[in-house]
Amino acid sequence: MEKFTKLTAIAAALPMANVDTDKVIPSRFLKTIKRTGLGKYLFDPLRYNPDDGRENPEFVLNREPWRKAGILVAGDNFGCGSSREHAPWALLDFGIRAVIAPSFGDIFYNNSLKNGLLPIRLPRQTCEQLMADAAMGGNARLTIDLERQVVVRPNGEEISFDIDPFHRHLLLEGLDDIGQTMALAPAIDRFEERRRREWSWLPSTTGA
Amino acid sequence: MAGQAPRTLFDKIWDSHVVERMPDGTCLLYIDRHLVHEVTSPQAFEGLSLAGRAVRRPDATIAVADHNIPTTNRRSGIAEEDSRLQVETLEKNVAAFGVPYIPVLDDRQGIVHIIGPELGLSLPGMTIVCGDSHTSTHGALGALAFGIGTSEVEHVLATETLPQRPAKNMRVEVNGRLPAGCSAKDIILAIIGRIGTAGGTGHVIEYAGETIRALDMAGRMTVCNMSIEAGARAGLVAPDETTFSYVAGRPFAPKAEALDRAIAYWRSLPSDPGAAFDQTVSLDVSDLVPMLTWGTSPETVVPITGRVPDPDQFTDPARRASAQRMLEYMDLTPGTKMTDIPVDVVFIGSCTNSRIEDIREAARIARGRKVAPGVRALVVPGSGLIKKEAEAEGLDTMLKAAGFEWREAGCSMCLGMNPDKVPRGKRSASTSNRNFEGRQGPGARTHLLSPAMAAAAAIAGRFADVREFS
Ligand code: SF4
């Protein structure tokens, strides 16, 4: 996973509540066995005209300078719905490295962290201010400093955000957490030993 | 545990699966059962291969293909190339990693969340995960079951554990006698309508109260299934006699003396009296009216006796804008009576409502009646075993005589990944769980409702009050 330390980028505003993962990437594009190449399907229902597949000129990511947006500022409950990790993959493939919203779907939030996409929860009013900043496009880049846990507005104002220390560490170092867990193998072995004793009725999938 | 403070069902399952507690509160949680399907696993197996890692516990894992497979002419294979590739990739991966697999042509094949409980693979007190948000379904057994992303699938395959932060506890208490014409689906739609699609965010919901206790396992699964639509990570129902008699005799379930020991343990799981919940919501269903959705979010529920709402009734500007977009997408005019809205397609199926009980309900309404001209109606059982059972009861004959299509098991028209799709601009009455834009196919307009209500809509050719059908 790519490290996330500090990002300065154009931000795009998506002032909609409950943007579900079917809107981020519809299920018909999940028929892939790869993680890459999904950026072209990002926000398909909003980004393209359903009749001829042409770009919808109104949609923010189809307009300059937001075609090059690296940050998304969205409404409440962004990424609700399905567990598809294709949603963060599509955002990353498009070039978005951080999403700021008042709240997120739980699974989307976790999936993002595991892929180096930084989800930032900020109060709704703050998000509205950042959307106003985002509307200024290339003249008003936002900076996200994960080390210091702040979003820097174009006017220099700093807004601090929360993230759990475990994931912050993994993001800053670009680490995958499987390696971390594997270091705990002795504890897992001990747990399995106890499990065999106490819950011996637990069925195996290898024989019915 | 810690001074024996009263604990919730969730707390008990959580505590008993903690392998290691990190200083920041994150726990390494042991996973008892991992269900794998073709859509969210290829990149996980690829990750294992790249890192030279094995599957730690193939005997805790089981795989099945459900999302991509056609529901007709199963023997002639999968025509769509990318669908076929995903299923073939799964088959290659399970062979390479030694993971048990239920083949497409096996009678036990079906939707992953249907077959887990049906085969006795999902049991009370377990931790169960799957790369699919509707894993919450299995919580009906009194298990902690939640959906995970592909990176987490890889993590569980490699280590049989997941680093997780404990969720908050939410109790949804449902009381009152369920009126005729209403079902578990109406209960959960009413709950989501009340608390909204973000109402359960960060929480695990325990469903309690006399109405939940009175539900059979199928109904409890329908309720838990849609916990994710209420934003919750998982849904749970405390195991009781209904649960135990459901589990007993299932192919993988413990038997004889082992079952007795298991039941003795399961009896210790229900929330202790006085256990603290971070949030409690109560619902009285005595006056419930059959429900359906009007918009493209599961929280947009309305009773069948109601009308399409006016966006101006929403004070929050973001919500008003969403409502406007929903009405446009759904091609609905504010104030229209729900019973005046014609339907084109009816889908009875999905992990929410494709169990034998659901099919019986649909058949009861369909019996001796005819699907309205111009309406296409599908009944898709959740597993091959359900299909056989329904056929043994003659339900397929009844449904086919009424003009319904009778299909092979799979996710089918719940989502646009296999050949069963709702055409653009067509209106669908669906027993599934999501009405998002394009969910049933690009441009499809989905209304969620119960199996009986869906069957009634098929007969009437428009949404209809099922209470007038009995
Ligand atoms: S039936 Fe629908 S919701 Fe259930 S697993 Fe299949 S696609 Fe997902």
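Source: prediction; values computed, not measured.

On to the environment of B:Gly443, then. Residues and elements named next belong to chain B. With respect to the element layout, Gly443 can be found in the loop between β18 (427-430) and β19 (445-448). With a relative accessible area of 14%, Gly443 lands in the buried category. As a C-alpha pair, Gly443 and Val99 span 344 residues in sequence and 38 Å in three-dimensional space. What Gly443 contacts, discounting residues up to four positions off in sequence, is Tyr329, Arg424, Gly425, Lys426 and Gly438.

As a further point, take the packing of aromatic side chains. When we look at a pair of aromatic rings, we describe it by the centre distance and by the angle of the planes. The full count for this structure, using the stated rule, is 14 aromatic pairs over all chains. Aromatic rings pair up to connect A:Phe191, A:Trp199, A:Trp201, B:Tyr30, B:Phe244, B:Tyr265 and B:Trp266 into one cluster. Looking at B:Arg250, its charged tip hangs above the ring of B:Tyr246, at a distance of 3.8 Å from the centre.

This part covers the interface of chain B and chain A. Across the boundary between the two partners, chain B contributes 87 residues, which contact 61 residues of chain A. Note on chain B versus chain A: buried area summed over both sides is about 6,000 Å², and carbon and sulfur give 56% of it. Here chain B and chain A share 11 salt bridges between them. A salt bridge links B:Arg56 to A:Asp189; its shortest N-O distance comes to 2.7 Å. Tallied by class, residues from the side of chain B that touches chain A come to 34 nonpolar, 27 polar and 26 charged.

This part is about the site of the ligand. Taken together, the residues surrounding the ligand are B:His67, B:Ile111, B:His113, B:Asp132, B:His134, B:Ser350, B:Cys351, B:Cys411, B:Cys414, B:Leu415, B:Asn433 and B:Arg439. Spatially, the ligand is embedded in the largest cavity.

Okay, the sheet that holds strand β5 (residues 118-121) of chain A next. In sheet architecture, strand pairing relies on hydrogen bonds along the backbone and comes in two forms, parallel and antiparallel. Residues and elements named next belong to chain A. The sheet built from four strands is open, its strands ordered β2-β3-β4-β5 with parallel pairing. The strands lining the two open edges of the sheet, one partner per strand, are β2 (11-14) and β5. The average undirected angle you get between the axes of adjacent strands in this sheet is 20°. Two strands pair when backbone bridges link them, and strand β3 (residues 71-74) and strand β4 (residues 98-101) are joined in this way by three bridges, in the parallel orientation. What sits directly across from Ile71, in β4, is Ala98.

What follows covers the layout of surface pockets. The volume enclosed by the largest pocket comes to roughly 860 Å³. In this structure, the largest pocket is lined by 33 residues; those nearest its centre are A:Pro45, A:Leu46, A:Asn56, B:Arg325 and B:Glu437. Where the lining of the largest pocket is concerned, the elements lending two or more residues are β2 and α2 (44-47) of chain A together with α11 (317-330) of chain B. Counting residues per element, the lining of the largest pocket draws most heavily on α11(B), which supplies seven residues. Empty space within the second largest pocket amounts to approximately 700 Å³. Along the wall of the second largest pocket there are 29 residues; nearest its centre are A:Asp106, A:Tyr109, A:Arg121, B:Arg165 and B:Gly202.

This brings us to helix α5 (residues 124-134) of chain A. All names here are of chain A. Every buried residue belonging to α5 is among Thr126, Cys127, Leu130, Met131, Asp133 and Ala134, and all of these are buried. Along α5, the residues classed as buried sweep out an arc of 155° about the axis, all on the same side. Residues of α5 that are buried in the fold lie against β2, β3, β4, β6 (142-145), β7 (150-152) and β8 (158-160).

Taken as a whole, chain A is organised into domain 1 (6-174) and domain 2 (176-208). Put simply, the middle of domain 1 of chain A and the middle of domain 2 of chain A, counted by C-alpha atoms, are 36 Å apart.

Our next topic: the confidence of the model for chain B. Averaged over all residues, the pLDDT of chain B is 96; the fraction at 70 or higher stands at 99%. Of the two predicted TM-score estimates for the complex, the pTM is 0.94 and the ipTM is 0.92.

Our focus in this paragraph is the side chain of B:Glu154. Structurally, the position occupied by B:Glu154 is in helix α5 (residues 150-159). The exposure class assigned to B:Glu154 is buried, which follows from its relative accessible area of 9%. With sequence-adjacent residues up to four places away left out, B:Glu154 is seen in contact with A:Arg35, A:Ile178, B:Gln43, B:Ala44, B:Gly47 and B:Leu48.

Residues and elements named next belong to chain B. Along the chain, Ile188 turns up in helix α6 (residues 184-195). C-alpha of Ile188 to C-alpha of Arg319: the two residues are 131 residues apart in sequence and 22 Å apart in space. The residues touching Ile188, leaving out its near neighbours within four places in the chain, are Tyr207, Thr222, Val223 and Met226.

The next thing to look at is α11(B). Three or four residues apart is the spacing at which side chains of an α-helix point the same way, because the helix has 3.6 residues per turn. Residues and elements named next belong to chain B. Compared with an ideal rise of 1.5 Å per residue, which puts 14 residues at 20 Å, α11 spans 20 Å between its outermost C-alpha atoms and is within 8% of the ideal. Among the residues of α11, those classed as buried are Ser322, Ala323, Met326, Leu327, Tyr329 and Met330. End-on view of α11: buried residues confined to an arc of 160°, all on one side of the axis. Facing away from the buried surface of α11 by more than 90 degrees, the exposed residues are Pro317 and Glu328. Structurally, α11 contributes buried residues whose contacts are with β18 and β19.

As a further point, take the nonpolar core. Judged by nonpolar contacts, the single largest core of 115 residues is most densely connected at A:Phe43, A:Phe78, A:Leu91, A:Ile100, A:Leu118, A:Ile144 and B:Phe404. With eight residues, helix α15 (residues 451-460) of chain B is the largest single contributor of residues to this core. Beyond its immediate chain neighbours, meaning those up to four positions away, A:Leu91 contacts A:Val24, A:Leu42, A:Phe43, A:Leu72, A:Phe78, A:Ile96, A:Val99, A:Phe108 and A:Leu117. In this structure, B:Ala167, B:Ile187, B:Ile212 and B:Leu269 belong to the second largest nonpolar core, which totals 107 residues.

On to the sheet that holds strand β12 (residues 279-284) of chain B, then. All names here are of chain B. The strand order across the open sheet formed by four strands is β11-β10-β9-β12, and the pairing between neighbours is parallel. In the strand order of this sheet, the two ends are held by β11 (234-236) and β12, each with one partner. Pairs of neighbouring strands in the sheet enclose a mean axial angle of 20°, with direction left out of account. For strand β10 (residues 203-208) and β11, the ladder comprises three bridges, and the chain directions are parallel. Bridge pairing links Glu206 to Leu236 in β11. Strand contacts of α6: β9 (168-175), β10 and β12, with the helix running at about 130° to β12, the strand carrying the most contacts.

Criteria and thresholds
Residues numbered from 1 in each chain as written. Chains lettered and ligands numbered in written order. Predicted model: local features only at pLDDT ≥ 70, side-chain atom pairs only at ≥ 80, totals over all residues. Heavy atoms only, no water. Helix = DSSP H or I, 4+ residues; strand = E, 2+ residues; numbered from the N terminus. Buried < 20%, exposed > 50% of the residue type's maximum accessible area, 1.4 Å probe, protein only. Contact = heavy atoms within 4.5 Å. Phe/Tyr/Trp six-rings, centres within 6.5 Å; stacked < 30°, edge-to-face > 60°. Lys NZ or Arg CZ within 6 Å of the ring centre and 35° of its normal. Buried area = accessible area lost by both parts, 1.4 Å probe. Salt bridge = Lys/Arg side-chain N within 4 Å of Asp/Glu carboxyl O. Nonpolar A, V, L, I, M, F, W, Y, C, P; charged D, E, K, R; others polar. Near = heavy atom within 4 Å. 1 Å grid on protein atoms, 1.4 Å probe; cavity = no way out; pocket = protein on both sides within 12 Å on 5 of 7 lines; lining within 4 Å. Sits in = over half its atoms within 2 Å of the grid points. Pairing = 2+ DSSP bridges. Axes fitted to C-alpha atoms, helices over the stretch in contact; angles between N-to-C directions. Points joined across faces, edges and corners; volume = space filled by probe spheres on them. Arc of directions from axis to C-beta. Domains from an automatic or database assignment. pLDDT = per-residue confidence, 0-100. Expected span 1.5 Å × (residues − 1). Core = buried A, V, L, I, M, F, W, Y, C linked by side-chain atoms within 4.5 Å.

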